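Fold and contact review
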Amino acid sequence: MKKYLSLIALAGMIFSCETKSPQIDYTQLSDAKRLEIAKEIAQSTIMVDGHVDLPYRMKVGGFTLQREILDVSVRTPDGNFDYPRSKEGGLDAPFMSIYIPAGNQAIPGASKALADSLILMTERLASTFPDKFAMAYSPADIEANFAKGLISLPMGMENGAGIEDDLANVEYFHKRGIRYITLTHGKDNLIGDASYDTTGTHGGLSEFGEKVVAEMNRVGIMVDLSHVSDYTFRDALAITQVPVIASHSSVRKFTPGFERNMSDELIQAMAKNGGVMMINFGGSFIDSAYAAGSAKVREHLVNYMAENNLSRSDSAFRAYAEAYAAANNPFPTVQRVADHIDHVRNLVGIDYVGLGSDFDGVGDSLPTGLKDVSMFPNLIAELLKRGYSKEDIEKICYKNIFRVWKAVEEYAANSK
Ligand SMILES: [Zn+2]
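Residues numbered from 1 in each chain as written. Predicted model: local features only at pLDDT ≥ 70, side-chain atom pairs only at ≥ 80, totals over all residues. Heavy atoms only, no water.

1. Details of the packing of helix α6 (residues 139-147) against helix α16 (residues 390-414)
Put simply, the rule is: As a rule, the C-alpha atoms of each element are fitted with a line to give its axis, helices using only the stretch in contact, and angles between N-to-C directions run from 0 to 180 degrees. Only DSSP runs of H or I with at least four residues qualify as helices, and only runs of E with at least two residues qualify as strands; both kinds are numbered from the N terminus onward. Comment on the angle field: the value is read as roughly parallel under 35 degrees, roughly antiparallel over 145, roughly perpendicular from 65 to 115, and oblique elsewhere. We call two residues contacting when some pair of their heavy atoms lies within 4.5 Å. Three categories are distinguished: nonpolar for Ala, Val, Leu, Ile, Met, Phe, Trp, Tyr, Cys and Pro, charged for Asp, Glu, Lys and Arg, and polar for the others, with Gly belonging to the last.
Contact geometry of α6 with α16 gives a least axis separation of 10 Å together with a crossing angle of 130°. With respect to their mutual orientation, α6 and α16 come out oblique. Across the interface between the two elements, Pro139, Ile142 and Glu143 of α6 pack against Phe402, Trp405, Lys406 and Glu409 of α16. Within the contact of α6 with α16, the residues separate by chemical class into four nonpolar, no polar and three charged.

Set out below in structure tokens:
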């Protein structure tokens, strides 16, 4: 027995000499050296972001959907995403949010029409700059685009209202390229109840919503549980046959009472299901002190406006507001985002956490050191400092979401 063990030990030693490069203890390096390594990792690893609101930013910017697009092939003075900054930060596959405001739900057909036009706009972006962007409908597409140096534009639909009241639209949107659907947005819809709403229309997932989740499983669309109420979350987990995602949600422990984030109980339930939660970087998602502090800033500005007889559109007010907000907003830091990742890892393990920035969707609330897509290496450096391995970081950047996505593809392939 002893001889047997030592042979195994010997074999192990030979194996490790031949295959493993010496382990680097990143925690012992200087900050500058660690950032250098973080930048290398960001460039060499596929990085997926679960939620970027570029299509909505383009729409708000007055771009006429499929006929015209914001030129993000070059550096843009505002917003959090464009091609040069994405390349700098090593971001390879930002999920484009096909976002349908809850207001559209009141008008039959309006949600689907908006989804269709935002999909066309996203496709237009890829076809206008084929040397920079490409559509992506699978992990395999992202890998192929990455090998060519292209930024992938996978699509997720934020708000299942786009399905309207017709189950056939689930398959329709799969054909149009949608690969996740966030079941609700800010208000309860036909599918289920939303975290921001207090109406409790269905007490969770509706009967129609149950059918929608089953149909999403069948056709191969990931079920996204960001934005839903806790009841809807639990109901959807009970129905789904495959792992789920939360495309842009953070940890509720750091924002008590904020149902839009996930409680420990839900994080554990999601891990049991094999899913992944992608951490939102927005200030009010990662720190309740930020939410309180920024409310004070807003209050001051409203008073200032009244005292000085100014309106919101006056240039004098805008200049003051910008300077005041920059000086007084208690922005969280990149370390706070790492705290959320730490919490998920400590609670359920490294296999269930990813990145879902909400860039271009959370305004001027982003943490210092993580203000746009060029700054992902700062987060990676912080994780290295905390003892995360390169493999841990690969899981966070893409392996976890690819695992879920492939499981969803496989289930759909077997359902045909
Ligand atoms: Zn959202």
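Now that the structure is up, let's keep going.
2. Details of the layout of surface pockets
Keep this limit in mind: Definitions used throughout: a 1 Å grid over protein atoms alone; a cavity as a set of points that fits a 1.4 Å probe which cannot get out; a pocket as an open set with protein on both sides within 12 Å along at least five of seven lines; a lining residue as one with an atom within 4 Å of a point. Grid points are joined across faces, edges and corners, and a volume is the space filled by probe spheres set on the points.
In this structure, the largest pocket occupies an estimated 600 Å³ of space. Taken together, 30 residues form the lining of the largest pocket, with Asn80, Asp360, Gly361, Val362 and Gly363 sitting closest to its centre. Residue contributions to the lining of the largest pocket peak at three residues, all from helix α3 (residues 54-60). The class makeup of the residues in the lining of the largest pocket is nine nonpolar, 10 polar and 11 charged. Of the volumes computed, that of the second largest pocket is approximately 450 Å³. At seven residues, helix α12 (residues 288-307) tops the list of elements feeding residues into the lining of the second largest pocket. A breakdown of the residues in the lining of the second largest pocket according to their chemical character gives 10 nonpolar, two polar and four charged.

3. Here's the deal with the pattern of salt bridges
Put simply, the rule is: The term salt bridge refers to a pairing of a side-chain nitrogen on Lys or Arg with a carboxyl oxygen on Asp or Glu at a separation within 4 Å. Think of it in three bands: with a 1.4 Å probe and only protein chains considered, a residue is buried below 20% of the maximum accessible area for its type, exposed above 50%, and partly exposed in between.
A full pass over the atoms with the stated rule returns 25 salt bridges. With a closest N to O distance of 2.4 Å, Glu88 and Arg75 form a salt bridge. On the criterion of sequence distance, the pair formed by Glu88 in helix α4 (residues 83-89) and Arg75 in the loop between α3 and α4 is long-range, its members being 13 residues apart. The closest approach of N and O atoms between Lys390 and Glu394, which form a salt bridge, is 3.5 Å. Here Lys390 pairs with Glu394, and both are found in helix α16, just four residues apart, close to one helical turn. Owing to a relative accessible area of 15%, Glu394 belongs among the buried residues under this scheme. Linked by salt bridges that have partners in common, Asp287, Arg336, Asp339, Asp342, Arg345, Glu382 and Arg386 make up one network.

4. A closer look at the coordination of the zinc ion
Reference values for coordination geometry: four tetrahedral donors around a metal ideally subtend 109.5 degrees, six octahedral donors ideally subtend 90 or 180 degrees. Heads up, the rule is: Donor atoms are limited to N, O and S found within 2.8 Å of the metal ion, a distance that becomes 3.2 Å for Na, K and Ca. With water left out, some sites might look partial.
Distances from the zinc ion to its protein donors, Glu158 (OE), His227 (NE2) and His248 (NE2), fall within 2.0 to 2.2 Å. Each donor residue of the zinc ion lies on the same chain, and together they follow the pattern E-x68-H-x20-H. Of the two residues, Glu158 sits in strand β5 (residues 155-158) while His248 sits in the loop between β8 (245-246) and α10 (264-273), which places them 90 residues apart along the sequence. When sorted by exposure, Glu158 lands in the same class as His248, which is buried.

5. Section: the side chain of Asn329
Counting through the fold element by element, Asn329 comes out in the loop between α13 (315-328) and α14 (334-348). Excluding anything up to four places from it in sequence, Asn329 contacts Tyr290, Ser294, Val297, Tyr324 and Asp364.

6. Some details on unusual backbone geometry
If a residue is not glycine, its phi is most likely negative; likewise, a peptide bond is most likely trans. Despite not being glycine, Asn309 has its phi angle at roughly 55°, a positive value. Here Asn309 lies in the loop between α12 and α13. Despite not being glycine, Asp360 shows a phi value in the positive range, around 65°. Within the secondary structure layout, Asp360 lies in the loop between β10 (353-355) and α15 (376-385).

7. Considerations on empty space enclosed by the protein
For the structure shown, the criterion picks out one cavity of 30 Å³ or more. Empty space within the largest cavity amounts to approximately 50 Å³. Forming the boundary of the largest cavity are 14 residues, of which Leu225, Val228, Phe233, Glu259 and Met262 lie nearest the centre. Taken together, the residues of the lining of the largest cavity sort by class into five nonpolar, five polar and four charged.

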